[in-house]
Amino acid sequence: MDVSDSVLRHLRHVAALPDLTSTRYELESEIGRGGMGVVYAARDRQLGRRVALKILDSAMAGEARIMAQLEHPAIVPIYEAGALPDDRVFYAMKLVTGARLDHFLGGSPSLAERLRVIRRVGEALAFAHTRGVIHRDLKPQNVMVGEFGEVYVMDWGVDAVAGTPAFRAPDARLDRRSDIYALGALLRFMLPASAPLALSAIAGKAMQADPCARYPDAPALLADIERFAVGLAVEAWSEPWWHRLRRFGARNALLLWLLAAYAGVRFLLFFLRYL
Amino acid sequence: MNKILVGLVVGLVLGAMDGATAWFYPETHSMLAGIMVGSSIKGMVVGLLSGWFARRVQSMKWGIAVGAAFGLLFAFLVAAVDTVNGRHPYLEIMMPGFVVGAIIGFLTQRMGTPGRAREAEK
């Protein structure tokens, strides 16, 4: 490689950078790149804060409008949207510091923590569905877990996005139930190898090939996860009797201990009479 | 069902069942009905107090402790007025009374709708 190659590469790189001179933002560094655009860390000169700046092709301008409709604690808030001199569009949003879900799972979080995250994702999805928005591309790379445990679902889909194969429903037309499929796939992805069968069954029901066999909506899936969390039977799995018995024992362990203590006291008193 | 009512019902049932265990002692057969009635009343009083406590404080730990304490206290009072073969059956009445009180305390925390609840430190 000679000098002219490196100069050329540098020029190409600089030319690809967005021209932000007409905006209040100052580019810092690239933090992510996907098929639909590039995300940069930038500084808002006016407010003196760091933001994430997503630069998209002008055809994707609808994405910012979609996200702006979704004001929810688990959805990254949009601060501003606009156009660049080269006709590309941008939107500024909260810069989330933390880990992508797939990286977060590398830290081996507890099952309870995994379920907390999937609940937050499901709540964001349920909220978006009530606003008529579907995600279309829910996957670990689109979920961020902040340093204080906050969860954000990002990259809300637009028509051009068809989803990521492992998380995409085999449906001809994507709708809410396609998001339910992706949520199930995300749950399955998040479960450790030793996950309880009930949770695997919940993921399996959400990922049924027939959309009508899936949960009707995100709250129904979340309700099944909640049932699991409090020790109740889940809708997705008809458990064997021995499993039901074990679950009952686990759920009522304290009461069983107290009853056993009572029986122990009675036996003790009964036999003490004959000593 | 509110917690006081839960306490009364649970206390009545557990008290009656606890009293019925006297059947295992042949010398008490002639007094079994009286023992069951007395034990049921004791259970209901413990249930009433435990239910009242559960309405005010939602804490399993404290619910069990307070139920056990009430159970022990009322079992002591019963044993103090009762005499079998010239002695007070403290051990025979207070030990099961303590555990039954704990169970009533547990059930009044677990079941029923709380009133104006005050969250205790778990």
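Please refer to the structure placed before this passage.
The following refers to the structure shown. Residue positions within a chain follow its written sequence, with the count starting from 1. All chains are assigned letters beginning with A, and all ligands numbers beginning with 1, in the order in which they are written. This being a predicted model, a pLDDT of at least 70 is required before a residue's local features are given, and a value of 80 or more before pairs of side-chain atoms are given or counted; all residues contribute to the totals for chains, interfaces and linings. The side-chain numbers reported here are obtained from all heavy atoms of the structure, hydrogens and water having been left aside.

**Concerning the overall build of chain B**
Short version of the rule: Where helices and strands are cited, they refer to DSSP runs of H or I of at least four residues and of E of at least two residues respectively, numbered from the N terminus. For the radius of gyration, the atom set is restricted to C-alpha positions; the globular benchmark scales as 2.2 Å times the number of residues to the power 0.38. Exposed residues in this analysis have more than 50% of their type's maximum accessible area, buried residues have under 20%, and partly exposed residues fall in between, with area computed by a 1.4 Å probe over protein chains only. Note on definitions: a residue-residue contact is assigned when non-hydrogen atoms from the two residues lie within 4.5 Å. Using a 1.4 Å probe, the Shrake-Rupley method yields the accessible areas, and only the shown protein chains count as cover for residues.
Check the secondary structure of chain B and you find four helices and two strands. Written out in order from the N terminus, the α and β elements of chain B read α-α-β-α-α-β. Expected size for 122 residues packed as a compact globule is a radius of gyration near 14 Å; at 15 Å, chain B falls within 12% of this value. Expressed as lengths along the three principal axes of its C-alpha atoms, the size of chain B is roughly 45 × 25 × 20 Å. Looking at chain B as a whole, 43% of its 122 residues are labelled buried. Across chain B, every contact between residues at least 6 apart in sequence was considered, and the portion connecting residues at least 24 apart equals 75%. Counting only carbon and sulfur atoms, one obtains 72% of the accessible surface of chain B, whose full area is about 6,500 Å².

**Considering the nonpolar core**
Put simply, the test is: Joining through side-chain atoms within 4.5 Å is the link that ties buried Ala, Val, Leu, Ile, Met, Phe, Trp, Tyr and Cys residues into a set, and such a set is a nonpolar core.
Ranked by internal contacts, the top residues of the largest apolar core, which has 62 residues, are L101, V121, L138, W156 and L186 of chain A. Here the element with the most residues in this core is helix 4 (residues 111-130) of chain A; it accounts for nine residues. Contacts of W156 of chain A, omitting those with residues within four sequence positions, involve E63, I66, M67, L70, I75, A124, L125, A128, V133, I134 and H135 of chain A. By size, the runner-up hydrophobic cluster in this structure holds 19 residues, among which are Y262 of chain A together with V6, I64 and V100 of chain B.

**Section: the interface of chain A and chain B**
Operational definition: Note: buried area is the sum, over both parts, of the accessible area (probe 1.4 Å) each one loses when the two are combined. Any carboxyl oxygen of Asp or Glu that lies within 4 Å of a side-chain nitrogen of Lys or Arg is treated as forming a salt bridge with it. Polar contacts, as used here, are pairs of N or O atoms within 3.5 Å; protein pairs need one atom able to donate a hydrogen and one able to accept it. Residues neighboring in sequence count only if both atoms are side-chain atoms. Just so you know the grouping, Ala, Val, Leu, Ile, Met, Phe, Trp, Tyr, Cys and Pro go in nonpolar, Asp, Glu, Lys and Arg go in charged, and all remaining residues, Gly too, go in polar.
On the side of chain B, 19 residues touch chain A, which itself brings 15 residues to the contact. By the criterion of area lost to chain B, the three top residues of chain A are L258, Y262 and R266 of chain A, representing 35% of everything that side buries. Our enumeration of links across chain A and chain B arrives at one salt bridge. Across the pair R266 of chain A and D18 of chain B runs a salt bridge, and its minimum N-O distance is 2.7 Å. At the junction of chain A with chain B, the criterion picks out five residue pairs in polar contact (both at pLDDT 80 or more). Among the elements that make up the side of chain A that touches chain B, the one with the highest residue count is helix 9 (residues 253-272) of chain A (12 residues). Split into classes, the residues belonging to the side of chain A that touches chain B amount to 11 nonpolar, one polar and three charged.

**Quick look at unusual backbone geometry**
Leave glycine aside and you will find that most residues have negative phi; peptide bonds, for their part, are mostly trans. Although it is not a glycine, S108 of chain A sits at a positive phi angle of roughly 50 degrees. Along the polypeptide, S108 of chain A turns up in the loop between helix 3 (101-105) and helix 4.

**Section: a nonpolar patch on the surface**
All names here are of chain B. Which entries qualify depends on this criterion: Like-charged residues are merged into a patch within 9 Å and nonpolar side chains (Val, Leu, Ile, Met, Phe, Trp, Tyr) within 5 Å, provided each residue has over 30% relative accessible area and no salt bridge.
On the surface, M1, L5, V9, L12, V13 and M17 cluster together to form a nonpolar patch covering roughly 550 Å² of accessible area. Among the secondary structure elements, M1 is positioned in the segment before helix 1 (3-20). Judged by its relative accessible area of 59%, M1 falls in the exposed class.

**Here's the deal with the pattern of salt bridges**
Residues and elements named next belong to chain A. Enumeration according to the criterion identifies 20 salt bridges over all chains in this entry. Ionic pairing is found between R50 and E28, a salt bridge with its closest N-O pair at 2.8 Å. Of this pair, R50 sits in strand 3 (residues 49-56) while E28 is found in strand 1 (residues 25-34), placing the two residues 22 residues apart along the sequence. Residue R50 is classed as partly exposed on the basis of its relative accessible area, which comes to 40%. For E235, the salt bridge is made with K205, and the minimal N-O distance between the two is 3.8 Å. Of this pair, E235 sits in the loop between helix 7 (218-229) and helix 8 (241-251) while K205 sits in helix 6 (residues 197-206), and the two are 30 residues apart along the sequence. The structure contains a network of salt bridges with shared partners spanning K205, D224, R227 and E235.

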